[in-house]
Every structure is written in C-alpha cells, then in structure tokens.
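Structural features, examined
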Amino acid sequence: MIQIEKVNKWYGSYQALVNVTESVAKGEVVVVCGPSGSGKSTLIRTLNRLEPIQSGRIVIDGVDAYGPHVKLNAFRSHIGFVFQQFNLFPHITVLENCTLAPTRLRGLKPSEARDEALTLLARVGLAAKARAYPGELSGGQQQRVAIARALAMRPPLMLFDEPTSALDPEMVGEVLLVMRDLARDGMTMVCVTHEMGFARDVADRVLFMDEGKVLERAVPSEFFARPEHPRLRQFLSDIRTPFAEAA
Amino acid sequence: MIELIDTYWLYFLVGQYPHGPLGGLALTLILAVLGLLFAFPLGLVFGIARVSPWRSVRWPVTALIQVVRGTPLLMVVFWAYFFLPSLTGQNTDQFWTMLTALVVFDAAYLAEIIRAGIQGIGKGQTESARSLGFSYLDAMRLVILPQVVRNMLPSLVNQFVATIKETSLGYIIGLTEVSFIATQINTQVLTRPAEVYLLLGLTYFILCFGLSRLAFWLERHLQQRTMAKAHA
C-alpha cells in the first residue's frame with residue numbers, strides 16, 4: 001500500500017528525515033512513535049504531500065506521490081488524514097463537515113452524502129450531534145467527527161497525526177476506541193501517537209524514530225519486550241517511569 | 001436654524017431632483033452604497049491575490065494596493081477625473097468618475113482587511129481542506145472565505161462609514177453630493193455659514209456614528225456567539 005524509499009527532507013540546513021525507507025502493507029496498522037522532534041509527524045505529512053521532500057520516492061496504492069503526472073487533489077482524496085488539532089470547519093455543522101467533500105469531490109447527491117455521513121457519524125457515536133456546530137462539541141467529539149469526515153471520502157488508507165495529543169485525558173479513550181474499530185474492520189492505518197497502550201493492542205508493527213531516522217521496527221510484543229536500540233530503551237523507560245531520574 | 005431646514009430640507013436631501021439630477025444626501029448614500037458594493041468583490045479578488053502562492057499574481061496586486069494606499073483619495077479622484085477620459089476616449093460624468101475612484105480606493109483597503117482575515121484563519125483549515133482533496137481555490141471558496149467574510153462584517157460596516165465620508169471629496173469635481181449642496185445653500189443664504197455647516201456636520205455624524213455603533217454591536221454579537229459555542 002505504501003512504499004517509502006530513501007526519503008530525505010530538509011528544513012533549511014536541518015535534516016528532518018534521513019534516508020527513510022519503509023513499507024506498509026494493505027490492511028496493516030503501523031504505529032510511529034518517538035520523542036518530539038524525531039520527524040514522525042514530518043514523515044506522515046510527507047505521505048499526502050502536506051510537506052515536500054527533497055529526495056526519494058513515496059508510492060501509495062501504485063501512485064508515485066511526487067511523480068510528474070500525479071493528480072494531487074485526486075491523490076489526496078484517497079488518503080484520509082486526521083490532525084492533532086481536529087481542524088473541523090467551524091462555520092458549518094457537523095453533518096456538513098462530513099458531506100462537503102463527498103458532494104463536491106465524489107459527485108454524490110446531497111441526499112446520498114447525507115445518508116452516508118449519518119451512517120459514519122453513527123459509527124463514531126455522534127449521530128445525535130449531526131446538526132451541532134464543531135464549537136459546541138468536546139475535543140474528543142470533534143476528533144471523532146474529524147475521523148468521520150475523513151472516512152466520508154472512502155479512503156483505502158488513513159493517516160493519524162497525534163490524534164489524541166490535544167485532548168484532555170478523559171477523552172483519549174473514546175477516540176482510540178473508534179480507531180481500534182477502524183483497524184478491526186481492516187483499514188490500512190499509519191498512526192503517529194504516544195499512546196503505547198494503543199500501539200500494543202492494535203498495531204501490527206511499531207516504528208521508533210529519532211533524529212529523522214527509523215531506528216527500530218518490530219511487532220508490538222517484540223518492540224516492548226525486547227527493544228534493541230539504546231535510544232528506544234531510553235524512550236520506553238522514560239515513558240514508563242517518568243520520575244525515575246528525579247527519585 | 002429651523003427656517004433654514006424648513007426652506008432647504010428637500011434640496012439638502014435630493015438636490016434638484018426631480019427637476020434636475022439627483023443630488024444631496026441621497027446621492028451621497030447611493031454613491032457610498034454602490035462604492036462598497038463594487039469594491040467588495042474587487043477587494044475580495046485583490047485580497048486573495050495578495051496571499052496567493054503564485055508570485056505572478058501576488059506581486060502586481062500588492063504593488064497596486066501599496067500605491068493606492070500610499071496615495072490620498074483626492075489624488076485618486078483627480079486621476080480618475082483626468083485619466084479616465086483619455087483612456088476611454090469620452091468624457092466621464094462626475095458620478096462615474098467619483099464611483100470609479102471610490103471603488104479603486106476602497107478595494108485596496110478591503111483587500112488588506114481580507115488578507116489579514118485569511119491569514120488569521122490558521123493553516124490547519126487550509127491543510128484539512130486540501131487533505132480532503134480540495135484544490136487551493138476550492139479550499140479558499142468553500143472553507144476559508146466564508147469564515148473570513150463572517151469575521152470581517154464589523155470591518156465592512158466601518159469601511160462603509162469611511163466611504164460615506166469619502167464621498168464628500170466629490171465636491172472637488174463638482175459632484176452634487178450633500179457637501180456640495182450644503183455649500184450651495186450657504187452661498188444662497190450667505191449670512192449663516194456656521195449653521196449650514198453645523199447641519200452638514202450633524203448629518204454626517206448621525207449617519208456615521210449610528211453605523212459605528214452597529215459595527216460595535218456586530219462585533220460583540222459575533223464574539224458572544226463564538227464564546228457561547230466554546231463554553232457549550
């Protein structure tokens with residue numbers, strides 16, 4: 001589904017991605033973790049070309065993302081993207097957020113788009129909020145709408161860029177549950193997240209990134225039980241025992 | 001003062017109409033309304049061009065806006081008055097001359113309001129629209145601009161206030177708007193300039209102050225609506 005080959009990216013003189021080569025199979029759920037500034041968000045944003053790359057190749061579903069003939073808008077519409085900050089459109093209702101792209105870009109009739117959107121909203125548990133405006137919802141609810149909005153384009157692939165990092169702790173669970181259900185339905189997913197519980201229970205594979213490189217990749221059981229790279233060991237111990245050093 | 005109003009109120013309001021061209025306060029208002037009406041779409045286009053990712057679009061428009069904003073309206077009126085006829089080959093009457101000047105001038109100011117509005121919306125909105133597959137222009141049209149226009153409603157009313165005051169410069173090219181009429185009344189009465197111009201000043205003030213209050217109310221109203229949403 002995704003082939004990433006020798007991708008390099010610079011911000012000025014700072015190299016954000018260093019020779020990243022990776023692939024994701026259809027139906028696979030891959031979690032990317034790592035300390036902040038490690039390049040994980042940058043990596044996921046290069047997949048649908050929110051960020052340009054300077055060298056390398058990214059092929060998604062047979063389409064060379066940075067190739068000369070790629071139809072960028074059509075290409076992007078086949079990749080669902082969920083942002084840390086939700087980025088719902090605040091001036092239209094929840095339902096309209098979910099029907100805007102399908103009516104305009106998939107050519108659905110308003111009634112069809114509406115039915116589909118309501119089904120998706122029911123799936124994320126928010127059918128009752130269809131007529132509300134995004135500003136009237138909690139963060140967790142907004143993020144679930146954002147997932148429904150992305151799904152409304154029926155993408156074969158979903159990308160999540162720290163979907164729970166901007167949420168109050170009590171709302172993290174509801175979003176992760178939706179994501180887990182999605183994974184169980186066979187959706188191909190790449191998730192940048194710090195939720196190690198999610199990585200352990202849902203991911204097929206976990207990547208660890210630091211300083212723009214993928215330092216380790218393993219199935220969750222291996223990843224957590226037998227981390228090899230010293231940076232990963234440090235990272236996992238920092239997460240598990242945040243007070244170790246102070247004590 | 002009462003008899004002044006009593007004698008000249010109709011002349012003050014509509015000029016020589018219906019026995020001559022429409023003038024007075026009515027002309028002032030028509031000019032201001034039409035000015036803003038035409039300036040708005042132009043300002044919208046300019047504002048979008050101003051933040052365009054394409055240099056060839058951005059630069060010429062930016063240059064035009066800076067020139068207009070760096071010039072007094074009086075200059076723009078003169079340009080329109082002397083330059084427009086040589087461009088079109090026929091004499092333009094005062095009304096269209098003034099309207100052209102107002103539209104160009106206001107469009108430049110509106111463009112800056114719109115530019116600030118677009119830049120204030122936040123990158124995330126564009127990114128999420130683009131990631132759904134919308135083109136740049138669709139993202140603008142469907143997602144960014146509706147929010148910008150709503151946010152700028154108060155600024156729009158304030159710009160209307162400015163436009164009303166700007167129409168008084170039509171006096172200089174002999175346009176019979178309300179200031180011109182007031183001067184004519186003054187010439188006829190001869191002995192009471194203070195009262196005539198006090199009335200003129202009051203007219204502008206009531207109109208503009210009222211609209212400013214409306215803008216203020218709009219601003220608070222919009223703010224409250226967003227706050228109510230955020231706290232719900």
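Residues numbered from 1 in each chain as written. Chains lettered and ligands numbered in written order. Predicted model: local features only at pLDDT ≥ 70, side-chain atom pairs only at ≥ 80, totals over all residues. Heavy atoms only, no water.

Describing the interface of chain B and chain A
At the junction of the two partners, chain B supplies 20 residues and chain A supplies 25 residues. Summing both partners gives a buried area of about 1900 Å² for chain B against chain A, and 59% of it is carried by carbon and sulfur. If you look at where chain B meets chain A, you find 1 salt bridge. Here Arg45 of chain A makes a salt bridge to Glu127 of chain B, at a shortest N to O gap of 2.6 Å. Where chain B touches chain A, the interface holds 7 residue pairs in polar contact (both at pLDDT 80 or more). Looking at the side of chain B that touches chain A, the elements with two or more residues in it are helix H6 (123-132), helix H7 (136-151) and helix H10 (193-231) of chain B. Among the elements that take part in the side of chain B that touches chain A, H6 of chain B stands out by supplying 9 residues, more than any other. Taken together, the residues of the side of chain B that touches chain A break down into 8 nonpolar, 7 polar and 5 charged. (Contact = heavy atoms within 4.5 Å. Buried area = accessible area lost by both parts, 1.4 Å probe. Salt bridge = Lys/Arg side-chain N within 4 Å of Asp/Glu carboxyl O. Polar contact = N/O pair within 3.5 Å; in protein donor to acceptor, adjacent residues only side chain to side chain. Helix = DSSP H or I, 4+ residues; strand = E, 2+ residues; numbered from the N terminus. Nonpolar A, V, L, I, M, F, W, Y, C, P; charged D, E, K, R; others polar.)

Re a nonpolar patch on the surface
Residue and element names in this part refer to chain B. Among the surface-exposed residues, Met1, Ile5, Trp9, Leu10, Leu13, Leu198, Leu202, Phe205, Ile206 and Phe209 lie close enough to one another that they form a single nonpolar patch of about 940 Å² accessible area. The set of elements that each furnish at least two residues to the nonpolar patch consists of helix H1 (2-14) and H10. With 5 residues, the single largest contributor to the nonpolar patch is H10. Residue placement: Leu198 occurs in helix H10. The exposure class of Leu198 is partly exposed, given its relative accessible area of 45%. (Patch = residues over 30% accessible without salt bridge, like charges linked within 9 Å, V, L, I, M, F, W, Y side chains within 5 Å. Areas by Shrake-Rupley, 256 points an atom, 1.4 Å probe, with all protein chains shown as cover. Buried < 20%, exposed > 50% of the residue type's maximum accessible area, 1.4 Å probe, protein only.)

Brief notes about the packing of aromatic side chains
Within this structure, the stated rule accounts for 10 aromatic pairs over all chains. With 5.6 Å between their ring centres and 75° between their planes, Trp54 of chain B and Tyr136 of chain B make a pair best called edge-to-face. Linking Trp54 of chain B in the loop between helix H2 (24-50) and helix H3 (55-69) with Tyr136 of chain B in helix H7, this pair joins segments that are 82 residues apart in sequence. Taking the relative accessible area as the measure of exposure, Trp54 of chain B reaches 48% and is therefore partly exposed. Ring centres of Phe205 of chain B and Phe209 of chain B lie 5.2 Å apart, and the angle between their planes is 15°; this geometry places the pair in the stacked category. Taken together, the positions of Phe205 of chain B and Phe209 of chain B, both in helix H10 and 4 residues apart, correspond to about one turn of that helix. Residue Phe209 of chain B is classed as partly exposed on the basis of its relative accessible area, which comes to 43%. An aromatic cluster is present here, built from Phe78, Tyr81 and Phe82 of chain B joined pairwise through their rings. Taking the ring centre of Tyr11 of chain A as reference, the NZ or CZ of Lys9 of chain A above it sits at 4.5 Å. If you follow Arg69 of chain B out to its NZ or CZ, it ends over the ring of Tyr109 of chain B, 5.3 Å from the centre. (Phe/Tyr/Trp six-rings, centres within 6.5 Å; stacked < 30°, edge-to-face > 60°. Lys NZ or Arg CZ within 6 Å of the ring centre and 35° of its normal.)

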